[in-house]
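Coordinate analysis (summary)
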Amino acid sequence: MSFDGKRVLKGMDLEIPAGKTSVVVGCSGCGKSVLLKLIMGLLKPDQGHILVDDEDITQMGRKDLFRVRKKFGMLFQGAALFDSMTVNENIGLALREHTELPEEEIQSRIKKSLELVGLADTDLKQPAELSGGMKKRVGLARALIMDPQYVLFDEPTTGLDPIMADNINDLIIETNRRLNITSIVVTHDMESAFKVGDYMAMISNGRIVFTGSAKAFQKSRDPIIEQFREGRADLSASSPSKKRK
Amino acid sequence: MIINDYCQKVGRRSIEFFVELGKWSILLYRIIKSTGYLLKHRRLVLNQMIKMGVNSLPLVTVVSIFTGAVASWQAAYQFQGVIPGAMSLDFLGAAVSAAILIELSPVLAGIVVAGRVGASIAAEIGTMRVTEQIDAFESLAIDPVQYLAAPRVTAGWTMMPILVIYSDFVAHLGAFLVASFMLHISPETFFSSAKKYFLAYNVWSGLIKAFVFGGGTALIGCSIGFHTRGGAVGVGRATIQAFVFSSAFILVGDYILATILF
């Protein structure tokens with residue numbers, strides 16, 4: 001995948017396990033958000049295939065792509081709430097567009113969705129009146145309203161204070177447990193990654209350099225993975241644990 | 001070398017222009033295909049008609065009244081130089097009326113709406129683009145062209161002719177006020193000459209121009225908005241581009257329509 005001649009993703013062979021929370025980590029600008037947009041079909045790769053339930057979305061027309069997208073929900077990095085709509089309208093938009101449900105049923109679902117994310121009394125507020133954490137939670141409620149099978153989280157804790165970030169982590173775990181969905185979380189927040197992730201992948205220099213369990217990632221001795229995990233600017237500097245030996 | 005660079009620049013700009021034209025055409029095609037969606041979502045169109053039409057009335061009123069006033073004054077200045085004597089202003093009503101119906105109302109109201117509405121559409125949709133709201137629509141399996149662009153372009157097609165009809169009346173009022181109070185032409189003289197030489201075709205041609213300009217302004221604003229990149233700077237650039245392209249579209253379109261209609 002390239003932008004203006006610059007190759008961002010060069011070789012991505014990645015399989016996401018069903019029913020688990022997969023975390024994709026990597027440094028800033030390595031293509032994590034691009035990966036999510038490719039999975040949703042918001043971007044088209046220069047080469048390769050993306051299979052969702054054995055269907056190749058890179059070959060699909062608009063109608064089929066929209067059919068597949070209804071299986072997804074996505075929480076964007078900045079929540080991407082619609083400025084001109086209230087919280088209620090933001091969350092209910094997909095129900096009003098894609099279903100013939102009566103208004104009472106729609107309001108009931110919106111209420112349940114807001115209760116799930118702990119924002120029961122905010123439905124008449126405008127996005128501009130919400131804090132960063134509240135926006136993310138409304139964004140999550142919007143992503144879940146159509147009962148998706150897959151939920152994508154783009155840097156869900158970025159820009160939040162540590163307590164709010166942990167609240168979001170708990171929400172991700174709770175959502176996965178209650179709704180039995182497949183989640184893909186893209187983050188560079190290692191605390192968040194280890195807390196929510198069952199399965200991990202790491203992108204470095206446009207390629208997947210690790211796939212496996214979160215435990216295996218934590219124990220890996222690969223210098224690139226160690227450097228990222230320990231947050232060291234210099235690849236050649238030894239880790240404190242090695243120095244003690 | 002300088003000539004070479006200049007030729008390359010002209011070539012690049014020409015290609016960019018045709019790329020832009022292609023984007024507008026594809027967007028127009030997708031909007032026309034959205035007719036069924038709009039019939040189900042009439043409220044979206046109605047909201048845009050209010051924003052575009054009703055909220056433009058104060059500005060169109062001011063522009064039209066002064067357009068008519070200036071047209072009247074300057075026509076009188078020219079007539080008095082060409083037709084000597086007391087009869088020189090007898091045809092003022094007819095001349096000013098024709099100018100208002102054929103040219104002044106559609107073009108000036110169009111440019112005013114291009115500035116107010118076209119630029120704001122580009123800013124609104126451009127902001128949505130850079131804050132990932134357009135991607136959010138796509139992620140919810142909602143076509144942003146159907147939801148955002150189609151209502152705006154449809155409102156442009158609908159409201160611009162209505163605004164021009166309103167502008168025609170107000171501009172005539174402005175012309176009459178100047179004719180009556182500054183040029184001392186009686187109402188009977190002014191309106192009888194306007195009526196004598198009135199052609200319904202002049203009204204229709206003005207409305208055809210309005211239809212093209214209204215839809216074109218909204219289409220350009222939407223297209224530029226959807227392709228905005230680069231954060232706040234990009235949105236600012238998109239706003240200016242939308243106004244410049246819409247105005248150029250109106251002026252060039254006015255010439256082309258004039259050669260077809262007259």
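Residues numbered from 1 in each chain as written. Chains lettered and ligands numbered in written order. Predicted model: local features only at pLDDT ≥ 70, side-chain atom pairs only at ≥ 80, totals over all residues.

Observations regarding the nonpolar core
- Core analysis: the largest hydrophobic core is formed by 125 residues, its most contacted members being Leu152 of chain A together with Leu92, Ala175, Cys222 and Ala242 of chain B.
- In terms of residues, this core owes the most to one element, helix α5 (residues 92-130) of chain B, which gives 21 residues.
- In terms of domain composition, this core takes at least three residues from each of domain 1 (2-71 + 150-244) and domain 2 (82-147) of chain A.
- Beyond its immediate stretch of four places on either side in the chain, Ala242 of chain B contacts Gly118, Ala119, Ile121, Ala122, Ile220, Gly221 and Ile224 of chain B. (Core = buried A, V, L, I, M, F, W, Y, C linked by C-beta atoms within 7 Å. Buried ≥ 20, exposed ≤ 12 C-beta atoms within 10 Å, placed from the backbone. Helix = DSSP H or I, 4+ residues; strand = E, 2+ residues; numbered from the N terminus. Domains from an automatic or database assignment. Contact = placed C-beta atoms within 7 Å.)

Here we look at the packing of helix α1 (residues 2-32) of chain B against helix α9 (residues 200-226) of chain B
Residue and element names in this part refer to chain B.
- At their nearest, the axes of α1 and α9 sit 10 Å apart, and the two run at 110° to each other. On the basis of their axis angle, the class for α1 and α9 is roughly perpendicular. In this structure, α1 uses Lys23, Trp24, Leu27 and Leu28 to contact α9, whose residues at the interface are Leu219, Ile220, Cys222 and Ser223.
- When grouped by side-chain class, the residues that make up the contact of α1 with α9 number 6 nonpolar, 1 polar and 1 charged. (Axes fitted to C-alpha atoms, helices over the stretch in contact; angles between N-to-C directions. Parallel < 35°, antiparallel > 145°, perpendicular 65-115°, else oblique. Nonpolar A, V, L, I, M, F, W, Y, C, P; charged D, E, K, R; others polar.)

Digging into the interface of chain A and chain B
- The interface is formed by 15 residues belonging to chain A together with 10 residues belonging to chain B.
- Counting residues per element, the ones that place at least two in the side of chain A that touches chain B are α2 (62-69), β6 (72-75) and α3 (87-98) of chain A.
- Top element by residues in the side of chain A that touches chain B is α3 of chain A. It accounts for 4 residues.
- When grouped by side-chain class, the residues that make up the side of chain A that touches chain B number 10 nonpolar, 2 polar and 3 charged.

A closer look at the pairing of strand β7 (residues 150-154) of chain A
Residue and element names in this part refer to chain A.
- The buried fraction of β7 amounts to 4 of the 5 residues, a majority that puts the element mostly inside the structure.
- Bridge count between β7 and strand β8 (residues 182-187): 5 bridges; the pairing is parallel. Bridge pairing in β8 links Leu152 to Ile184.
- Remark: the β7/helix α6 (residues 162-179)/β8 crossover connection has right-handed handedness. (Pairing = 2+ DSSP bridges. Right-handed = clockwise from strand over helix to strand, strands pointing away.)

Let's talk about helix α3 (residues 42-52) of chain B
All names here are of chain B.
- Turning to α3, its buried residues number three or more, namely Gln48, Met49 and Met52. Along α3, the residues classed as buried sweep out an arc of 105° about the axis, all on the same side. Opposite the buried face of α3, at more than 90 degrees from it, the exposed residues are Arg43 and Ile50. (Arc of directions from axis to C-beta.)

Digging into the sheet that holds strand β10 (residues 207-213) of chain A
All names here are of chain A.
- With mixed pairing, the 6 strands of this open sheet are ordered in space as β6-β7-β8-β3-β9-β10. For this open sheet the edge positions go to β6 and β10, each flanked by a neighbour on one side alone. Adjacent strand axes in the sheet meet at a mean angle of 15° when their direction is disregarded.
- Lying over the sheet, helix α1 (residues 32-40) contacts β3 (21-26), β6, β7, β8 and β9 (199-204), oriented at roughly 150° with respect to β8.
- On top of the sheet, helix α5 (residues 132-144) reaches β6 and β7; it is set at about 175° to β6, its chief contact.

Looking at the pairing of β3 of chain A
Residues and elements named next belong to chain A.
- Across the 6 residues that make up β3, a large majority, 6, are buried.
- Both faces of β3 are covered, namely the face carrying Thr21, Val23 and Val25 and the face carrying Ser22, Val24 and Gly26.
- Pairing of β3 with β8, which is carried by 5 bridges, proceeds in the parallel orientation. Looking at the pairing, Thr21 lines up with Ser183 of β8.
- The pairing of β3 with β9 spans 5 bridges and is parallel. Bridging from a neighbouring strand, Ser22 pairs with Tyr199 of β9.

Notes on unusual backbone geometry
- The backbone of Asp54 of chain A shows a phi angle near 65°, a positive value even though the residue is not glycine.
- Of note in this structure, His184 of chain B is not a glycine but carries a positive phi near 60°.
- With respect to the helices and strands, the residue His184 of chain B is situated in the loop between α7 (144-181) and α8 (187-196).

Observations concerning the domain arrangement of chain A
All names here are of chain A.
- Partitioning chain A into domains gives domain 1 (2-71 + 150-244) and domain 2 (82-147).
- The distance between the C-alpha centroids of domain 1 and domain 2 comes to 26 Å.
- Listed by partner, the interface residues are 11 residues for domain 1 and 10 residues for domain 2.

Here we look at the packing of α9 of chain B against helix α10 (residues 231-261) of chain B
Residues and elements named next belong to chain B.
- Between α9 and α10, the least distance of the axes is 9 Å, while the angle of their chain directions is 150°. Viewed along their axes, α9 and α10 adopt a mutual orientation that is roughly antiparallel. When you trace α9 past α10, the crossing you get is right-handed. Contacts from Ser205, Ile208, Lys209, Val212, Phe213, Gly216, Thr217, Ile220, Gly221, Ile224 and Gly225 in α9 reach Ala238, Gln241, Ala242, Phe245, Ser246, Phe249, Ile250, Gly253, Asp254, Leu257 and Leu261 in α10.
- Tallied by class, residues from the contact of α9 with α10 come to 12 nonpolar, 8 polar and 2 charged. (Left-handed = near helix turned anticlockwise from the far one by under 90°.)

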